[in-house]
Each structure stands twice: as C-alpha cells, then as structure tokens.
Amino acid sequence: MHLSSRLPHGFEPNALSAALGRLRAEGREILDLTVSNPTRCGFNYPEDEIRKALSTPAVLRYDPDPLGTRTTREAVAAHHGHGLRAEDLLLTASTSEGYGLLFKLLGDPGDEILVPSPSYPLFEWLARLEGLHARPVPSYFHDRWHLDLGALEDAVSPRTRAIVVVNPNNPTGHFLSKGEWDALTALCARRGLALLVDEVFADYALEAPADRLPTALDDAAPPCPVFLLSGLSKVAALPQLKLGWIAVRGVGAEAHLEALAFLADQYLSVSAPVQAAAQALLALAPGIRSQVRARLSANLATLDAALARHPRLTRLPVEGGWSVLLRRPAVDADEACALRLLEQTGVLAHPGSFFDLPGDGHLVLSLLTPETGFREGLDRILPIL
C-alpha cells in the first residue's frame, strides 16, 4: 500500500532513543535531564481548583464556534492584555495544530517557510505534513544570540510565504530584540510575507536583556500580517489540557481570521470542557508559573555553582525559556557524547545537534528537572565532559 511522501521513510528510533529504550528494558534507572513535561516535575498544582474548573455544568454543553467560545477568547485576551480583543483570537487544540492551520492558510504544496536556527525540530515535520518546506536560516552567537537578518533576506525566494520565530527561542532562550522585531516586520512587509511568532515561553524570562521584545503584542499595528501562538501547555504548565490560540494582528487581520475560522470549522477540535474551564485555569496560572520560574532560577544557580568547579565547561546566557545550553570541549560529536553519558552515568541529555546547533560542543539540559535530580545529574556528567 502506498503511503504519503510527507511521512518519514521509516520510523526507526535514532541511536540515542534506541539506547535509552534498551537501558530501560534492562531495568536501568535513568536520570532524565531533558524532561519537558511539567506535570511530572513535582510542582504543587491546585488540584481541587482544577477539578472544580473542569466540573462546571458548561462542560456538558456543546455549542460549537469555529473561533472558539467567546468567553474563552475573552479570558485569553485578558490574560495577554496589550489591547487584545476576543475578536482577534482563534482557539486551537494546541500550538502544533495552530501551525497546521496557519500553514494551510498561507501556503500551497511546494511553498516554504523560513525558520531561524537553532530551533525546535518539530517545525520541519509540521511544515512537511502540510506539503511545505521548512528552510532553516542560521542565527549567530556573539555574546548573545542574534538573528542573521541579512541571511533571512537572502533566503527569501518566490515560494517563501512566512518566517517563523520563537520568542524566546527553544532551546537557545533568545528573546527578539526590539531592533530585530522592527527589522523583521519591515522585511516581511517589503517581501509580502507573514510573520509567525511562537510565544509559549514568553512568561519565563530569566536573564533577559533590557532591549528584549517581551511580546509581539507590544506592536499594536505591525506593517505585515502577524500571527502570535501560545497555549495552556506553557502559560499554565498544563499540557494535558489541550488548548492553544492564535492572535492575529497586522495587515489583513480580519480577512485572515475569517479564513482561519473556515479552516477550523472543518475540524472543530477544541473540546467544550477545556473551553468551559479556561477562564478559571488562566486565573490559576500565575501561581503555577511562579513555581516554575523558581525552579528554573534554582537550577540555573546550581549549574553555575557546579561550573565554577569545572572551568573547562561554560554555559550560554539563558534569556528565557526552560532550557540551558552547556558548552563543552568538542572531543567527540554531540550525539556520541550524549550516548557516552547515557551509557556511563545513566543520565539523559540532549545533544545540541538535535536542535541544529552549529558544530559540536553543546548539550541541552532542561531547567525544569526536579532540583535534587538536576544536581545529581550534574555531579555525574560534568566530571567526564
């Protein structure tokens, strides 16, 4: 039977995943320094309030609206502020679904989007599954990460339809600067492109510089179409309650929302219960985020103290987000290093190559890891890097 060429040629795990599966099957206990699921990180969730939010009578009613219920959109708009209105929003079941809708909206099969790298590898597959090509454009590091605006402009082709940026980036933590934002929106306006801005980590600033762009919503009237994506997964650290959203601003916003509503109407994928609970869940979100931010800061301080004992190792600045880039001597390839650490110490770390970090010499660690495990993991791996 023929399968779509959009799918991978095979589904075999990569070497690191295969080794991880083998060690776990052997009963080896693995200390995971890549964990990104906050519900498994020991945070104190307000369980009674969450259950109450999900048990209101409204969860039993189904009143489909392709944009999402107005009360939920009003709650999301209030969460963001910056003059955002319910009329500017479309709800999705996740940010990944949001990308799928936007790629359907903006491109035809064979068109492309530009994605500054390093970046999360999901974009390649989300684009490919819609028949588009995600073209990476390397950013560069000089004291901090910077978009290569000249390279982005040079990469624009007749088939380019959009640029995707993550603010702050995953895994580099790079917030866009205000100058980069102005240049990006001007580039998109000049070349007729849309700008997709993923801000799921925007609430988690750590070492953010003064010139950072806290949110794309700071620009009330961008000169190009702007689509901002976010959702409960990071805003409230509730990935199991599938709710994302797209805020639409800039040129053609009204027409773009109308077209997005048509696309969403074909699926109506956002569940009634999570919409009914959304206002209460967003009200609980600040207390949950404060725990996450405390964990991120504590683990970053632990890492700095450990690195002081291992001067051959350094880390890159963490402007925001849940990850840190550990820089090491490139005595072996990143994936080989991660395999070596897993086999010798039982500690799982992500190789920088998974995120298209240039060259070798980087590991990506999750600052979300429970503090005791994070400290123990560092004690195991730093001496042999």
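See above for the structure.
Caption draft 1: Expanded view of the environment of Y120. Relative to the assigned elements, Y120 resides in the loop between strand 3 (112-117) and helix 5 (122-129). Take Y120: its relative accessible area is 40%, and that puts it in the partly exposed class. Discounting chain neighbours no more than four positions away, the residues touching Y120 are N170 and F355.

Caption draft 2: Quick look at the side chain of R340. Mapped onto the elements of the fold, R340 is located in helix 11 (residues 334-345). A polar side-chain atom of R340 sits 2.9 Å from the main-chain carbonyl oxygen of I384. If we ignore the near neighbours within four places in the chain, the residues touching R340 are D332, T345 and I384.

Caption draft 3: Focus on the sheet that holds strand 14 (residues 350-351). In spatial order, the strands read 11-12-15-14; together these 4 strands make up an open sheet with antiparallel pairing. Strands at the two margins of the open sheet, each flanked by one partner only, are strand 11 (314-315) and strand 14. In terms of strand pairing, strand 12 (residues 323-327) meets strand 15 (residues 362-366) through 5 bridges, oriented antiparallel. Within strand 15, the position partnered with L326 by the bridge is L363.

Cut-offs applied
- Residues numbered from 1 in each chain as written.
- Predicted model: local features only at pLDDT ≥ 70, side-chain atom pairs only at ≥ 80, totals over all residues.
- Heavy atoms only, no water.
- Helix = DSSP H or I, 4+ residues; strand = E, 2+ residues; numbered from the N terminus.
- Buried < 20%, exposed > 50% of the residue type's maximum accessible area, 1.4 Å probe, protein only.
- Contact = heavy atoms within 4.5 Å.
- Polar contact = N/O pair within 3.5 Å; in protein donor to acceptor, adjacent residues only side chain to side chain.
- Pairing = 2+ DSSP bridges.

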